[in-house]
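# Examination of the molecular architecture
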Amino acid sequence: MTAVVIKRALLSVSDKTGLVDLGRKLAEHGVELVSTGGTAAALREAGLEVMDISDLTGFPEMMDGRVKTLHPKVHGGLLAVRDNPEHATAMEEHGIGSIDLVVVNLYPFEATVMRGAGRDEIIENIDIGGPSMVRSAAKNHAFVAIVTDPADYDTLLEEMAGGGATTLEFRKQLAAKAFSATASYDSMISQWFAFADQGQMFPEMLAINGKDPVELRYGENPHQKAALYTPVGPHARGIAQAEQVQGKELSYNNYNDADAALELCAEFRDGDPAVVIIKHANPCGVAQAGSLLEAWEAALACDSVSAFGGIVAVNRTLDGSTAEAIARIFTEVVVAPDADDEARAIFAKKKNLRLLLTGDMPEPRRGGLSVKPITGGLLVQSRDNGAISPDELKVVTERAPTEQELKDCLFAWTVARHVKSNAIVYAKDGATAGIGAGQMNRRDSSRIAAMKAAEAAEKYDWAQPRTVGSAVASDAFFPFADGLLAAAEAGATAVIQPGGSIRDEEVIEAANKAGLAMVFTGMRHFRH
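These lines cover the structure that appears in this document, whether it is placed above or below. (Residues numbered from 1 in each chain as written. Predicted model: local features only at pLDDT ≥ 70, side-chain atom pairs only at ≥ 80, totals over all residues. Heavy atoms only, no water.)

## What to know about the overall build of the protein
Heads up, the condition is: Helix numbers and strand numbers start at the N terminus; a helix is a DSSP run of H or I with at least 4 residues, a strand a run of E with at least 2. Only C-alpha atoms enter the radius of gyration, while the globule expectation follows 2.2 Å times N to the 0.38, with N the number of residues. Note on contacts: a residue pair qualifies if any of its non-hydrogen atoms lie within 4.5 Å across the two residues.
Looking only at helices and strands, the protein has 19 helices and 23 strands in total. For the protein, the C-alpha radius of gyration of 30 Å lies well beyond 24 Å, the compact-globule estimate for 528 residues. Taking the principal axes of its C-alpha atoms as reference, the protein extends roughly 95 × 50 × 40 Å. In the protein, once contacts between residues fewer than 6 apart in sequence are set aside, the share between residues at least 24 apart is 57%.

## Re the packing of helix α1 (residues 19–28) against helix α2 (residues 37–45)
Note the following rule: Helix axes are fitted to C-alpha atoms over the stretch in contact, other axes to C-alpha atoms as well, and angles between N-to-C directions run from 0 to 180 degrees. Our angle categories are set so that under 35 degrees counts as roughly parallel, over 145 as roughly antiparallel, 65 to 115 as roughly perpendicular, and the remainder as oblique. Crossings are sorted by hand: turned counterclockwise from the far helix by less than a right angle, the near helix makes the crossing left-handed, and turned clockwise it makes it right-handed. For this scheme, ten residues count as nonpolar: Ala, Val, Leu, Ile, Met, Phe, Trp, Tyr, Cys and Pro. Four count as charged, namely Asp, Glu, Lys and Arg, and the remainder, Gly too, count as polar.
The contact between α1 and α2 brings their axes to 10 Å, and the two run at 70°. Relative to α2, α1 is oriented roughly perpendicular. α1 and α2 meet at a crossing whose hand is right-handed. Along its contact with α1, which presents Leu19, Val20 and Gly23, the element α2 presents Thr39, Ala42 and Leu43. A class-by-class count of the residues in the contact of α1 with α2 yields four nonpolar, two polar and no charged.

## Digging into the pairing of strand β20 (residues 431–436)
Definition in use: Note on classification: 1.4 Å probe, protein chains only; a residue is buried when its accessible area is under 20% of the maximum for its type, exposed when over 50%, partly exposed between these limits. DSSP bridges decide pairing: two strands pair if at least two such bridges lie between them.
Of all six residues making up β20, six are buried, and the element is well covered by its neighbours. Here strand β19 (residues 424–428) pairs with β20 via five bridges, running antiparallel. Pairing of Ile424 across the sheet is with Gly436, part of β20.

## A short note on the sheet that holds strand β3 (residues 32–35)
Read across the open sheet, the five strands follow the order β4-β3-β2-β5-β6; overall the sheet is parallel. Edge positions in the sheet fall to β4 (51–52) and β6 (145–147), since each has one partner strand and no second. Bridging between strand β2 (residues 8–13) and β3 involves four bridges; their strand directions are parallel. Following the sheet pairing, Leu10 is matched in β3 by Val34. Taken strand by strand, helix α9 (residues 153–160) contacts β2, β5 (101–105) and β6, and its axis lies near 170° from that of β5.

## Considerations on the packing of aromatic side chains
For clarity, the cut-off: Only rings of Phe, Tyr and Trp enter the pairing, Trp through its six-membered ring, and a pair is recorded when the two centres are within 6.5 Å. The plane angle decides the type: under 30 degrees is stacked, over 60 is edge-to-face, the rest tilted.
Scanning the entire structure with this criterion turns up six aromatic pairs. Plain terms: the ring middles of Phe109 and Tyr185 are 6.4 Å apart, the flat faces sit at 70° to each other, and that makes the pair edge-to-face. Within this pair, whereas Phe109 is found in helix α6 (residues 109–114), its partner Tyr185 is found in helix α10 (residues 168–197), the two being separated by 76 residues in sequence. As far as burial versus exposure is concerned, Phe109 and Tyr185 are alike and both buried. Ring geometry for Phe109 and Trp192: centres 6.2 Å apart, planes at 85°, overall edge-to-face. Separated by 83 residues along the polypeptide, Phe109 in helix α6 and Trp192 in helix α10 bring together distant segments of the chain.

## Section: the nonpolar core
Worth spelling out the cut-off: Nonpolar core, defined: a set of buried Ala, Val, Leu, Ile, Met, Phe, Trp, Tyr and Cys residues in which side-chain atoms within 4.5 Å join the residues together.
Judged by nonpolar contacts, the single largest core of 52 residues is most densely connected at Leu26, Leu101, Val102 and Phe109. In terms of residues, this core owes the most to one element, α10, which gives eight residues. Setting aside anything within four residues of it in sequence, one finds Val102 in contact with Leu10, Leu78, Met133, Ala137, Val144, Ala145, Ile146 and Val147.

## Considerations on the pairing of strand β17 (residues 377–382)
Where strand β16 (residues 369–374) and β17 come together, six bridges link them in antiparallel fashion. If you follow Leu369 over to β17, its bridge partner there is Ser382. The turn linking β16 back onto β17 is made up of two residues, and Gly376 within it adopts a positive phi angle of 80°.

What follows is the structure, given as structure tokens:
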């Protein structure tokens, strides 16, 4: 059987968006409406004739409605194989009528959790009858249509326009979406039980899901396919929820780089105006200053070559003067909490530049899990939200850092946690002076960062590179003194690093000989 004329529909929805209009149009097709509780009341209030589920089953709704649809006359009507003689006989003997359409959306479990409801209320919002009907109808899609999303009401009515019937192909599409809906719903519940209710970071079965996919032009490379999903359940708002004011479609790489920019910029969300410039998910310039424009100029000066075609994030409402300065170089994406009218007008002249407005910036110390696929498995870890305070730093050299050196150390350390390992970051006066990223040894990262600083000094005709008098941060310990000595050669006067190497004493001795102040954090920030 392919085409099935819808003669009876069972409607039971939590989200009543579009319900009455759907009910009216089904009635116009001569469809008998069967419903439950508040759904039936809403349909009746609109003047529609509705059969209560209790009249269909012969049992009243009981136990606070927990078992109203869990009945053979409901599930028999959904699961019966219509062209199976034994099924047909059983339906006739037990007075079970066919149900050709189910319209169900589930109790608002996610919304209940998100608004901070108590445990008892959360448990009551675990739907049982709804998912059971959805799965029964979806399994028997050869004969039954299942609609779980109000967005599909119009599509259903268009399908029925030719005579009140649905095709098998259409019902298969609905069934696939229905099983995704129940899988996502159960996943959300399992996550809540594991993480929130039981405090398990790594449950026996890890449920990961997303919804509302946006298919992208391609992945990291043109031969790869890609899509953006939004997580189901509680999650931080960020790049995925940002408003795109203008510009062409975002690519996979744009999303990845913009996220890296936002994550780093969020570190400064409560501080002075800050600008972050990202290229290939690595910072190439970061600065804080008295204004966004000053911060932009300082960040750009760190590595203006890499900034070309980069991603920019700011921690304040973007103003016109800063937007005008950013627009002077080719920029792929600008991320900001908001932008004033002048800034929007300036960027409007750059039709390919994407402007993303995020509203509030994410909490940099939030929890959560990081998931990375590997061959045959998933690597899962807690998010790197570790932080240190100045009081936790351990001075290990003969000379302690000055107040300014300490400020520069902490700034460099903040940036270094967002740089791919091996990471070396020089900083001075609230701006990066040089960044070395992703090298196979720490010495080379030190040298590359110093080389970039020297190039900047030559370009801007400075008397000396900004690494002179700077602080340098290393995301992990120096295994040998060579990386630290390279920093000293570049002019750094203070060092911040985790410590913990078997050669710490050798490194400390080298720092003392070079007159450096060095502090240990006791915390590493590898970023692979």
